[in-house]
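Survey of secondary and tertiary structure
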Amino acid sequence: MKRAFTLAWQYLRLAFMNEMQYRINFFIQLFESALALGTALIVLALVYAQTEILNGWSRYELQALQGIYVILMGFVQISVQPNVERLLTDIQQGTFDFVLVKPIDSQLLSSIREVRIWQSVDILAGSAVLGHALWQLGNQIGLVQVGLFVVAILSGVLIIYALVFLLSTLAFWVIRIESIFEVLMGIMAAGRLPTDIYPRWLQIILVYLVPMAFAVTVPAQIITNRGDATALLTQLGVAAVFMLITRLMWRTAVKRYSGASA
Amino acid sequence: MRRLWLIYGKLIETSTQVTFQYRLVHFFWLIGMLFEPIIYLVMWTTLADEQGGTLAGYTTGSLAGYYIAWTLVRQWNIALTPFGFEQRVRNGELNPHLLRPIHPFHYDLSDFITMRIIGTLYWIPVGGVLIWLFQPTFAVDATMIGLFALSLALSFVMRFVLVYALGMAVFWTTRVSALFNLYFAIETILSGRLVPQALLPSWAQELGWWLPFRWSFGFPIEIIIGKLSYAEIWQGFGFQIGWLIVATILFRLLWNAGIKRYGAVGA
């Protein structure tokens, strides 16, 4: 476990040193995050120009939810997405050999190799939107609550990570699966709104198949004082189950890999 | 002119064969794209429901119609982006295109027409499911469908030329991605992709009238859901053709100036 963290830290350090060569990218990323957030905030403004409450959510409660969504997707873009892209290329081109011969667990290595440092701007931007929303709501937020919130966010990241890796193991059977991710990314975008607003069939997808209902909603509940212990425990349970399934799938899948020139 | 038609016929035929190799990819891609309009649709219909069934002149049925037509219009809203063109210039991929006797623009346009036609074929079953799920109201008489198809074709060609012309900026500098992203963000907001025009503040609606964006997205949608009078429709066609002419002139000027600067990187 300690070795895993040391290794992840080393990869992070490397990525950081590498990216520091391209500092202008920070500003490009900043601009792009601002555009995306600006668009989202404009939609919120347009909606709440018509009403006070949408499906039981006030403007700043919904803004808090969207801030959390941006933070969560920030983690996905910093780490999950680039690692999966690399994994898929490796499997297609046979360079996955180099992962297998290293004296470390292949799933672990495949999950920490790539870091896109500048994407962390999204986490800052999301936090700013969330912070502004919370300030407007004027709720009292305790230290414990913040702690639980961080736990809920991280467990949400784990859920998405597990799901994405679970799907990517399919690449060991069928090579071209990028298009499946298009569908997944589309569904994940539904996390921008609270799950209970959607029609029944989409709610079922968001709870059981692509559990954005847990990944985004639970942190939002905790930080807006709507949460309870059951919700958080359920979310942690979902994360554990997804991680376990992904682990089992990974083990089966890697056995199928036959190498490039074999 | 006749020669050009023959060339387009042949090019479309070849690229159809290429595109059909990846059937499943296109289908998944289409499914992935559906969630964006579904999110907007759910949000606005919830709001309309809470306000007693109508919102800025839209009923829940016409909102559903708006966003289902959206999915088809979005299909025809895809062009060769400046990012695609940037990659070509940067990697020197433009070189072989320049050696051919036909302008590269024709290859691209015919490729995109093919993909849009195939995309529309895939869209038919998907649109059917959406109609069954969301119960929209459309203006379905033969004239309106004909006008819709015409406006869709015009919006595609108009936006294609316009965005292509925008890509010419790459001949001068390759650091323009921020600018392009800003352009596309404004387009998203003002074109009707994010929200129907009627839900924008009135100054933004007024502004949208004089910019190309709404004529390549919201306009065809508003025809098929029966929002526009005949007078407004003819006016819209006028704007579409006007912008097509502007875009074509812009493209010719920028291309002719830019191609002289092109240094054929990677040659």
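These notes cover the structure that comes with them. For clarity, every value in this text was computed on a predicted model and none was experimentally measured.

Let us look at the overall build of chain A. Within chain A one finds 12 helices and two strands. Put simply, chain A runs from its N terminus to its C terminus through helices and strands in the order α-α-β-β-α-α-α-α-α-α-α-α-α-α. In terms of overall dimensions, chain A is globule-like: its C-alpha atoms have a radius of gyration of 19 Å, near the 18 Å expected for 262 residues. When its C-alpha atoms are laid out on the principal axes, chain A stretches across 65 × 45 × 35 Å. Within chain A, the fraction of its 262 residues that count as buried is 49%. By sequence separation, contacts in chain A at least 24 residues apart represent 77% of the contacts at least 6 residues apart. Mean positive and mean negative side-chain charge positions of chain A (17 and 14 charges, respectively) differ by 9 Å.

Of the regular secondary structure elements, chain B holds 12 helices and two strands. The order of helices and strands in chain B, counted from the N terminus, is α-α-α-β-β-α-α-α-α-α-α-α-α-α. Dimensions along the principal axes, computed over C-alpha positions, put chain B at roughly 65 × 40 × 35 Å. Look at the contacts in chain B between residues 6 or more apart in sequence, and 83% of them connect residues 24 or more apart.

All names here are of chain B. Its identity is not glycine, yet alanine 56 carries a phi of approximately 45°, on the positive side. Its location among the elements puts alanine 56 in the loop between strand E1 (54–55) and strand E2 (58–59). Under the relative-accessibility criterion, alanine 56 is labelled partly exposed at 40%. A positive phi is found at glutamine 135, a non-glycine position, where the angle reads about 50°. Within the secondary structure layout, glutamine 135 lies in the loop between helix H7 (104–134) and helix H8 (142–167).

Residues and elements named next belong to chain A. Taken as a whole, the second largest pocket spans an internal volume of roughly 980 Å³. Taken together, 24 residues line the second largest pocket, and the ones lying closest to its centre are Ala8, Ser79, Ser111, Ile112 and Leu158. Of all elements in the fold, only helix H1 (2–19), helix H3 (59–93), helix H5 (106–112), helix H7 (143–168) and helix H12 (229–256) reach the threshold of two or more residues within the lining of the second largest pocket. Classifying every residue of the lining of the second largest pocket by side-chain character gives 17 nonpolar, four polar and three charged.

Moving on, we come to the pattern of salt bridges. For the structure on display, the rule yields nine salt bridges over all chains. A salt bridge links arginine 116 of chain A to glutamate 85 of chain A; the nearest nitrogen and oxygen atoms lie 3.0 Å apart. One end of the pair, arginine 116 of chain A, is in the loop between H5 and helix H6 (120–137); the other, glutamate 85 of chain A, is in helix H3, and 31 residues separate them in sequence. Between arginine 214 of chain B and glutamate 222 of chain B there is a salt bridge, and its shortest N-O distance comes to 3.1 Å. Like glutamate 222 of chain B, arginine 214 of chain B is buried.

What follows deals with the interface of chain B and chain A. The interface is formed by 31 residues belonging to chain B together with 31 residues belonging to chain A. Buried area between chain B and chain A, both sides added, is near 2,800 Å², and the carbon and sulfur share of it is 78%. When the buried surface of chain B facing chain A is broken down by residue, Phe35, Ile39 and Met43 of chain B rank first, second and third, together holding 21% of it. Counting the contacts that link chain B with chain A gives zero salt bridges. On inspection of chain B and its partner chain A, the count reaches three residue pairs in polar contact (both at pLDDT 80 or more). At the level of elements, helix H2 (23–33), helix H3 (35–50), H7 and helix H9 (177–190) of chain B are the ones that each hand at least two residues to the side of chain B that touches chain A. Top contributing element to the side of chain B that touches chain A by residue count: H3 of chain B, with nine residues. Residues that form the side of chain B that touches chain A fall into these classes: 24 nonpolar, five polar and two charged.

This paragraph deals with the packing of H3 of chain A against H7 of chain A. Residues and elements named next belong to chain A. Where H3 contacts H7, the two axes come as close as 10 Å, and the packing angle between them is 30°. If you check the angle between H3 and H7, you find them roughly parallel. The two elements H3 and H7 cross, and the hand of that crossing is right-handed. In this structure, H3 uses Ile68, Ile71, Leu72, Phe75, Val76, Val80, Asn83, Val84, Leu87 and Leu88 to contact H7, whose residues at the interface are Phe149, Ile153, Gly156, Val157, Ile160, Tyr161, Val164, Phe165 and Ser168.

Before going further, it helps to examine helix H5 (residues 82–91) of chain B. All names here are of chain B. Within the sequence span of H5, burial applies to Pro82, Phe85, Glu86, Arg88 and Val89. For H5, the buried positions fall inside an angular range of 160° around the axis, keeping them on one side. At its buried positions, H5 is contacted by helix H6 (94–99), H7, H8, H9 and helix H12 (230–261). Trailing H5 by a residue or two, glycine 92 shows a phi angle of about 75°, which is positive.

Time to look at the packing of helix H2 (residues 24–50) of chain A against H6 of chain A. All names here are of chain A. The interhelical angle for the contact between H2 and H6, taken along N-to-C directions, is 35°, at an axis separation of 9 Å. At the point where H2 passes H6, the crossing takes the right-handed sense. Touching Phe26, Gln29, Leu30, Ser33, Leu37 and Leu41 of H2 are Val121, Asp122, Ala125, Gly126 and Val129, all from H6. Tallied by class, the residues present in the contact of H2 with H6 amount to seven nonpolar, three polar and one charged.

What follows concerns a nonpolar patch on the surface. Together, Ile141, Val146, Val150 and Leu154 of chain A make up a nonpolar patch on the protein surface, roughly 290 Å² of accessible area in all. Structurally, the position occupied by valine 146 of chain A is in helix H7.

Residue and element names in this part refer to chain B. For arginine 175, the position within the fold is in the loop between H8 and H9. Overall, arginine 175 belongs to the exposed group, its relative accessible area being 59%. Separated by 89 residues in the primary sequence, arginine 175 and glutamate 86 place their C-alpha atoms 9.3 Å from one another.

Glancing now at the side chain of glutamine 119 of chain A. All names here are of chain A. Mapped onto the fold, glutamine 119 is located in the loop between H5 and H6. Taking the relative accessible area as the measure of exposure, glutamine 119 reaches 14% and is therefore buried. Those residues in contact with glutamine 119 that lie beyond four places of it in its chain are Gln29, Gln77 and Ile78.

All names here are of chain A. With respect to the element layout, glutamate 19 can be found in helix H1. Residues glutamate 19 and arginine 116 lie 97 residues apart in sequence; the distance between their C-alpha atoms is 8.1 Å. Polar contacts involving the side chain of glutamate 19 include one to the side chain of tryptophan 118, which spans 3.1 Å.

Definitions and cut-offs
Residues numbered from 1 in each chain as written. Chains lettered and ligands numbered in written order. Predicted model: local features only at pLDDT ≥ 70, side-chain atom pairs only at ≥ 80, totals over all residues. Heavy atoms only, no water. Helix = DSSP H or I, 4+ residues; strand = E, 2+ residues; numbered from the N terminus. Rg over C-alpha atoms; globule rule 2.2 N^0.38 Å. Buried < 20%, exposed > 50% of the residue type's maximum accessible area, 1.4 Å probe, protein only. Contact = heavy atoms within 4.5 Å. Lys, Arg positive; Asp, Glu negative; His and termini not counted. Charge placed at Lys NZ, Arg CZ, Asp CG, Glu CD. 1 Å grid on protein atoms, 1.4 Å probe; cavity = no way out; pocket = protein on both sides within 12 Å on 5 of 7 lines; lining within 4 Å. Points joined across faces, edges and corners; volume = space filled by probe spheres on them. Nonpolar A, V, L, I, M, F, W, Y, C, P; charged D, E, K, R; others polar. Salt bridge = Lys/Arg side-chain N within 4 Å of Asp/Glu carboxyl O. Buried area = accessible area lost by both parts, 1.4 Å probe. Polar contact = N/O pair within 3.5 Å; in protein donor to acceptor, adjacent residues only side chain to side chain. Axes fitted to C-alpha atoms, helices over the stretch in contact; angles between N-to-C directions. Parallel < 35°, antiparallel > 145°, perpendicular 65-115°, else oblique. Left-handed = near helix turned anticlockwise from the far one by under 90°. Arc of directions from axis to C-beta. Patch = residues over 30% accessible without salt bridge, like charges linked within 9 Å, V, L, I, M, F, W, Y side chains within 5 Å. Areas by Shrake-Rupley, 256 points an atom, 1.4 Å probe, with all protein chains shown as cover.

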